[in-house]
Amino acid sequence: RDGGVESGFAALDTPAFPPLAGEGGNCEAKLSSYTRPTIAPRLNVILPPTTVDLCREARAGRIRGMNKDISQLKRQAAERAVEFVASGMVIGLGHGSTASFALQRIAQLLQAGRLQDVLGLPCSRQVERAAQAAGIPLTTLEAHPIVDLTIDGADEVDPALNLIKGGGGALLREKIVAQASRREVIVVDESKLSPALGTLWPVPVEVVPFGWRSQAAYLESLGAEAVLRQDRHGSVFATDQGNLILDCHFGPIAHPASLAAQMEGRAGIVAHGLFLGLATDLFVAGAGGVRHLARE
């Protein structure tokens, strides 16, 4: 340890993160009855409730058992991440509830004059609207192709700081911004920690609408159960780019880099939710407080 930072996971000698406080295992046992959704015959369309919804419910049940208010802990973790922000920086603004805490804190510091000349680069239209409402000046990658720091959330994190992202549907823009960032800071609660990607969460895959069923068939040939994402109203979900998302249930992924390469080589697949080697820092909110893990 160096100043409270676990560098390169030196403190984590086992292949998995330590179990949550008060529990001996991970979310996989919790989700044993939710391992696969119900699929409409030959349509690859999920019928509510979705596995993503059930996973969120199961995780929420675990968090409710913690002694501390997890929402407050996530806010504290996000605000710790904002300590990396300095005046004059271009900041990637992530999509999701945890990243929104960081956005709010940046806005407060700008209003108080403690930060100056900061420009935000939103990862979704929703975040763009929120940042504008909060008074954060915005920019684009065209104007600033290098991002100093991005603060974002994740759906699942393995011990090597690899991620699954895209539960909110903004994976393409999030990955573009992450790849343009000098530093990618991820903020999660400890229920997102996993021994292997795919244990807790499906891999979102963004595909163009044209020929999407052929992409679903290809993903199933790789071992997935590919499910067309729907919104809360039961309509087909569309991304900011007008694309579709297939939530791909692979189970624990033994070789995520190999799987990523297979998906990236397929025409029609725009982006996937495996974020490998992109995160530089991880802030974890849990019953024991906030931990900071850093990639070497």
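Look a little higher up for the structure.
About the cut-offs
- Sequence order sets the numbering: in each chain, residues are counted from 1 along the sequence as written.
- Totals for whole chains, interfaces and linings use every residue, but because this is a predicted model, local features are given only for residues with pLDDT of at least 70 and side-chain atom pairs only at 80 or more, for both listing and counting.
- The basis for the side-chain values is all heavy atoms of the structure; hydrogens and waters are excluded.
- Salt bridges are identified by distance alone: a Lys or Arg side-chain nitrogen within 4 Å of an Asp or Glu carboxyl oxygen.
- Helical segments are the DSSP runs of H or I of at least four residues, strand segments are the runs of E of at least two, and each set is numbered from the N terminus.
- Categorising residues by exposure relies on relative accessible area from a 1.4 Å probe, with only protein chains included: less than 20% of the type maximum marks a residue as buried, more than 50% marks it as exposed, and the intermediate range marks it as partly exposed.
- Axis lines are fitted to C-alpha atoms, over the contacting stretch for helices. Their N-to-C directions set the angle, which ranges from 0 to 180 degrees.
- An angle below 35 degrees is treated as roughly parallel, one above 145 as roughly antiparallel, one from 65 to 115 as roughly perpendicular, and anything else as oblique.
- Crossing chirality is assigned from the near helix's rotation relative to the far helix, an anticlockwise turn below a right angle marking it left-handed and a clockwise turn marking it right-handed.
- Residue contacts are counted whenever heavy atoms from the two residues lie within 4.5 Å of one another.
- Amino acids are sorted into nonpolar (Ala, Val, Leu, Ile, Met, Phe, Trp, Tyr, Cys and Pro), charged (Asp, Glu, Lys and Arg) and polar (every other residue, Gly among them).
- We define a nonpolar core as any set of buried Ala, Val, Leu, Ile, Met, Phe, Trp, Tyr and Cys residues linked to one another through side-chain atoms lying within 4.5 Å.
- To estimate the expected span of a helix, subtract one from its residue number and multiply by 1.5 Å.
- Strands qualify as paired when DSSP identifies two bridges or more between them.
- Pairs of N or O atoms within 3.5 Å make up the polar contacts considered here, provided that, within protein, one atom can donate a hydrogen while the other can accept it, and that residues adjacent in sequence are counted only when both atoms are side-chain atoms.
- Classification of ring pairs uses Phe, Tyr and Trp, with its six-membered ring standing for Trp, and accepts pairs whose centres are within 6.5 Å; under 30 degrees between planes counts as stacked, over 60 as edge-to-face, and the remaining range as tilted.

1. Quick notes on the pattern of salt bridges
Okay, step 1: In this structure the tally under the stated criterion is five salt bridges.
Okay, step 2: Between Lys-165 and Asp-152 there is a salt bridge, with its nearest N and O atoms 3.1 Å apart. On the criterion of sequence distance, the pair formed by Lys-165 in the loop between strand E6 (163–164) and helix H6 (171–179) and Asp-152 in strand E4 (residues 149–152) is long-range, its members being 13 residues apart. No difference in accessibility class separates Lys-165 from Asp-152, as the two residues are buried.
Okay, step 3: In the salt-bridge network here, residues are joined through shared partners; they are Asp-152, Lys-165 and Glu-174.

2. Section: the packing of helix H4 (residues 97–111) against helix H5 (residues 125–134)
Okay, step 1: Running from N to C, H4 and H5 cross one another at 25 degrees; their axes reach a closest spacing of 10 Å. Between H4 and H5, the angle falls in the class roughly parallel. Considering how the two elements wind past one another, H4 and H5 form a crossing that is right-handed. Note on element contacts: H5 touches H4 through Val-127, Ala-130, Ala-131 and Ala-134, opposite Leu-103, Ala-107 and Gln-111.
Okay, step 2: Partitioning the contact of H4 with H5 into residue classes produces six nonpolar, one polar and no charged.

3. Overview of the nonpolar core
Okay, step 1: Residues Val-85, Ile-106 and Ile-151 are the most contacted members of the largest nonpolar core, which totals 27 residues.
Okay, step 2: When residues of this core are traced back to their parent elements, those giving at least two are helix H3 (70–82), strand E2 (90–93), H4, H5, E4, strand E7 (184–189) and strand E13 (281–286).
Okay, step 3: Sequence-distant contacts of Ile-106, that is, excluding residues within four places in its chain, are made with Val-82, Val-85, Ile-91, Leu-93, Leu-115 and Ile-136.
Okay, step 4: Grouped together as the second largest cluster of nonpolar side chains are 23 residues, Ile-164, Leu-197, Leu-246 and Ile-269 included.

4. Remarks on H3
Okay, step 1: Taking 1.5 Å of rise per residue, the 13 residues of H3 would be expected to cover 18 Å, and the 18 Å separating its terminal C-alpha atoms lies within 8% of that figure.
Okay, step 2: For H3, the full list of buried residues reads Ile-70, Leu-73, Lys-74, Ala-77, Ala-78, Ala-81 and Val-82.

5. Focus: the sheet that holds strand E8 (residues 203–207)
Okay, step 1: Here four strands make up an open sheet; going across it, the order is E9-E10-E8-E11 and the pairing antiparallel. The open sheet is flanked by strand E9 (225–228) and strand E11 (269–272), the only strands paired with a single partner. Direction aside, the axes of adjacent strands within the sheet are offset by 30 degrees on average.
Okay, step 2: The pairing of E8 with E11 spans three bridges and is antiparallel. Residue pairing for E11: Val-207 is matched across the bridge by Ile-269.
Okay, step 3: Most of the contacts of H6 go to E11, to which it runs at about 70 degrees, and overall it touches E8, strand E10 (244–249) and E11.

6. Section: the environment of Thr-199
Okay, step 1: By secondary structure assignment, the location of Thr-199 is in the loop between E7 and E8.
Okay, step 2: Thr-199 gets classed as buried once you look at its relative accessible area, which sits at 11%.
Okay, step 3: Taking the C-alpha atoms as reference points, Thr-199 and Phe-250, separated by 51 residues in sequence, lie 8.4 Å from one another.
Okay, step 4: Within polar-contact distance, the side chain of Thr-199 engages the backbone oxygen of Ala-196 at 2.7 Å.

7. A short note on the sheet that holds strand E5 (residues 156–157)
Okay, step 1: Sheet architecture is open: three strands sit in the order E5-E6-E12, paired in antiparallel fashion. Edge strands, defined here as strands with exactly one partner in the open sheet, are E5 and strand E12 (274–275).
Okay, step 2: Both E6 and E12 contribute to a ladder of two bridges, which runs antiparallel. Counted as the bridge partner of Leu-163 is Phe-275 from E12.

8. A look at the packing of aromatic side chains
Okay, step 1: Throughout the structure, instances matching the rule amount to one aromatic pair.
Okay, step 2: Their ring planes at 55 degrees and their centres at 5.7 Å tell us that Phe-84 and Phe-283 sit as a pair that is tilted. Taken together, the residues span a long stretch of sequence, with Phe-84 in the loop between H3 and E2 and Phe-283 in strand E13 at a distance of 199 residues.
Okay, step 3: The partly exposed category is assigned to Phe-84, whose relative accessible area is 23%.
Okay, step 4: Taking the relative accessible area as the measure of exposure, Phe-283 reaches 1% and is therefore buried.

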